[in-house]
Amino acid sequence: MHVSNILSKLGVQSRTQATLYAIRIGLVSAIGAVMNMMRKGQVQGVNKGDITGQVTFIARLFGVAAKHIRKGSLLAIAFL
């Protein structure tokens, strides 16, 4: 199925609107959706590989304290 068909059935015009719709109906969490968009490099002002910038963006957007933790090759974001 083509993306435009899915967007049409949801009554939205973009993938961003579809993401917001999914958050609104509880299909995905807001933080998870934003993190996925950042990993794909879809958030303006936050570079795809800029982990510190991504953590700062999430902290400011959701009003939470956060930091990134690296353990070997694993990188995680911890919400404080």
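See the structure shown above.
Definitions and limits used
Residues numbered from 1 in each chain as written. Predicted model: local features only at pLDDT ≥ 70, side-chain atom pairs only at ≥ 80, totals over all residues. Heavy atoms only, no water. Axes fitted to C-alpha atoms, helices over the stretch in contact; angles between N-to-C directions. Helix = DSSP H or I, 4+ residues; strand = E, 2+ residues; numbered from the N terminus. Parallel < 35°, antiparallel > 145°, perpendicular 65-115°, else oblique. Left-handed = near helix turned anticlockwise from the far one by under 90°. Contact = heavy atoms within 4.5 Å. Nonpolar A, V, L, I, M, F, W, Y, C, P; charged D, E, K, R; others polar. Core = buried A, V, L, I, M, F, W, Y, C linked by side-chain atoms within 4.5 Å. Buried < 20%, exposed > 50% of the residue type's maximum accessible area, 1.4 Å probe, protein only.

Colleague: Looking at this model, I keep getting lost on the packing of helix 3 (residues 30–39) against helix 4 (residues 51–62). Mind explaining?
Modeller: Relative placement of two packed helices is described by the angle separating their axes and the distance separating the axes. Relative to each other, helix 3 and helix 4 sit at 150°, their axes nearing to 11 Å. It follows from the interaxial angle that helix 3 and helix 4 lie roughly antiparallel. Crossing geometry of helix 3 relative to helix 4 is assigned as right-handed. Taken together, the residues of helix 4 that come into contact with helix 3 (itself represented by Ala-30, Ile-31, Val-34, Met-35 and Met-38) are Gln-54, Phe-57, Ile-58, Leu-61 and Phe-62. Among the residues forming the contact of helix 3 with helix 4, the class breakdown is nine nonpolar, one polar and no charged.

Colleague: Looking at this model, I keep getting lost on the nonpolar core. Mind explaining?
Modeller: Inside soluble globular proteins, nonpolar side chains tend to come together where they are buried. Formed by Val-34, Met-35, Met-37, Met-38, Val-43, Val-46 and Ile-58, the largest nonpolar core amounts to seven residues. The greatest single-element share of this core, amounting to four residues, is contributed by helix 3.

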